[in-house]
Amino acid sequence: MKIKVVDKSYDQVLALPREEHRKPLKPSILFRTLLKLLSAADLKATNFQCRSIGMERLGADEPCLFLMNHSSFIDLKIASTILYPRPFNIVCTSDGFVGKAWLMRHLGCIPTQKFVSDLSLVRDMLYTVRELRSSVLMYPEASYSFDGTATPLPESIGKCVKMLGVPVVMIRTYGAFARDPLYNGLQLRKVEVSAEMEYLLSPQEIAEASPAEINALLAERFSFDNFRDQQKRQIRITEPFRADGLNRVLYKCPHCGKEGAMTGQGISLRCGGCGKTYLLTETGFLQAQEGETEYPHIPDWYRWERSCVRKALLDGSYRLDIPVSICMLVDSKSIYRVGEGRLIHSREGFHLSGCDGKLDYRQKPVSSYSLYSDYFWYELGDMICIGNSKVLYYCFPAVQQDMVAKTRLAAEELYKLTKAGQLSD
């Protein structure tokens, strides 16, 4: 999938009129049917099946909040099929509206900025369940998983659930990540996909629970490990490209410690620094071709990288300082490419400068609990996004080095350390 990109100067983009907020539209049965029909081929190819748990508790016309884990693009196709013909509105990233705002609105989409405080989103969700009598589908993780495990949930989710006061249903997928992991460059694998749809909370149970208790329940339910699931179920992924791009996740060699020198290609991952090579087996394990396999399980390797980033933040040695190509989002007409600049990330947060000295944006560590970052974003390249409710800056590293995953890890750990007051001068 691509996105409309237009070249403009930074001053021209700042001068563009901002779009007025619009209330969500209830999707018609025509658009709901269209979504289901367009999803049928992919679901048939994956032998898709869904199991319902306690769904008899949900009234046929009762609006609810559907919370779904986020693994790949097939997630929407699953929801469009298993929820049919129930009307539902979809909380989605604002860049999904670019060039197709009319269609997205009539499909019931509600735009929001990832990892940016957005009070209008809560108002839109309340309007949807109360006035439109439509359900809301939300991916609370906000971004695809990099390593196949759950990404952080927003601390505000419990308060949001209580404000809505409607039943909460969880949709959990199996096989969706294995079929199309984000790092693998949109190459689909032949994997069966299934889902569970479970009634989690009634309005009465929500009223009796505190936001913290709801957060704890959702965190427990959104705990998963797709690679472990693949290994336990002995799901074999035989494609010869299964390790392509794995370096985007596993960017640091556990043998020599070098960063940005890993290459995932074919069925193996190799360090360009020390030459150590790991085979990605058909059942999702890593095996060193020679010597010790430090981390046979990919999420364990990723957790080790996180611990390294945390240590660097604590001792003050962490710093990202790279040249980037900069795009901006200020409306739904286009992504605007405004020039070149420099992105710095340190214990002080993000600092983006560029566009001949006209752009100077800073973002504090506590601005967000995570980071909107992506691989091969809309086929433009690996991307790091920062910004606020008025403007988003999409930064594309100009250097050939994997730093998107590390930057997300750093943003998450920096947020936690700053909130806990654990960083000293």
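That block above? That's the structure.
**Things to note about helix 5 (residues 119-130)**
Working step 1: With 12 residues, helix 5 ought to run about 16 Å at 1.5 Å a step, and its terminal C-alpha atoms sit 17 Å apart, in line with that.
Working step 2: When we look at burial in helix 5, the residues that qualify are S120, L121, D124, M125, L126, T128 and V129.
Working step 3: Tucked inside the fold, the buried residues of helix 5 contact strand 3 (65-68), strand 4 (88-93), strand 5 (109-112), strand 6 (135-138) and helix 6 (157-164).

**Observations concerning unusual backbone geometry**
Note: most peptide bonds trans; most residues except glycine with negative phi.
Working step 1: With omega at 5°, the peptide bond leading from Y84 into P85 counts as cis.
Working step 2: Relative to the helices and strands, P85 is located in the loop between helix 3 (74-82) and strand 4.
Working step 3: Despite not being glycine, R133 has its phi angle at roughly 55°, a positive value.
Working step 4: Tracing the backbone through its elements, the reader meets R133 in the loop between helix 5 and strand 6.
Working step 5: Judged by its relative accessible area of 48%, R133 is partly exposed.
Working step 6: Despite not being glycine, C355 shows a phi value in the positive range, around 55°.

**Describing the side chain of D382**
Working step 1: Mapped onto the secondary structure, D382 falls in strand 18 (residues 381-387).
Working step 2: Here F376 takes part through its backbone nitrogen, which lies 2.9 Å from a polar atom of the side chain of D382.
Working step 3: Apart from the residues within four sequence positions on either side, D382 is in contact with R248, D374, Y375, F376, C395, F396, P397 and V404.

**Looking at the pattern of salt bridges**
Working step 1: Inspection of every chain in the model, using the stated rule, returns 22 salt bridges.
Working step 2: A salt bridge links D300 to R303; the shortest N-O distance between them is 2.6 Å. Separated by 3 residues within a single helix, D300 and R303 lie in helix 11 (residues 298-315), roughly one turn from each other.
Working step 3: Under the relative-accessibility criterion, D300 is labelled partly exposed at 29%.
Working step 4: Assessed through its relative accessible area of 43%, R303 is described here as partly exposed.
Working step 5: For R342, the salt bridge identified is with D321, shortest N-O distance 2.5 Å. With R342 in strand 14 (residues 335-346) and D321 in strand 13 (residues 320-329), the pair connects residues that are 21 residues apart, well separated along the chain.
Working step 6: Relative accessible area serves as the criterion here: at 36%, R342 is assigned to the partly exposed category.

**Considering the environment of L188**
Working step 1: Inspection of the secondary structure puts L188 in the loop between helix 7 (176-179) and strand 8 (194-201).
Working step 2: The exposure class assigned to L188 is partly exposed, which follows from its relative accessible area of 42%.
Working step 3: When the C-alpha positions of L188 and E239 are compared, they lie 9.1 Å apart, and in sequence the two are 51 residues distant.
Working step 4: Beyond its immediate chain neighbours, meaning those up to four positions away, L188 contacts R179, D180 and F241.

Reading the values: the criteria
Residues numbered from 1 in each chain as written. Predicted model: local features only at pLDDT ≥ 70, side-chain atom pairs only at ≥ 80, totals over all residues. Heavy atoms only, no water. Helix = DSSP H or I, 4+ residues; strand = E, 2+ residues; numbered from the N terminus. Expected span 1.5 Å × (residues − 1). Buried < 20%, exposed > 50% of the residue type's maximum accessible area, 1.4 Å probe, protein only. Contact = heavy atoms within 4.5 Å. Polar contact = N/O pair within 3.5 Å; in protein donor to acceptor, adjacent residues only side chain to side chain. Salt bridge = Lys/Arg side-chain N within 4 Å of Asp/Glu carboxyl O.

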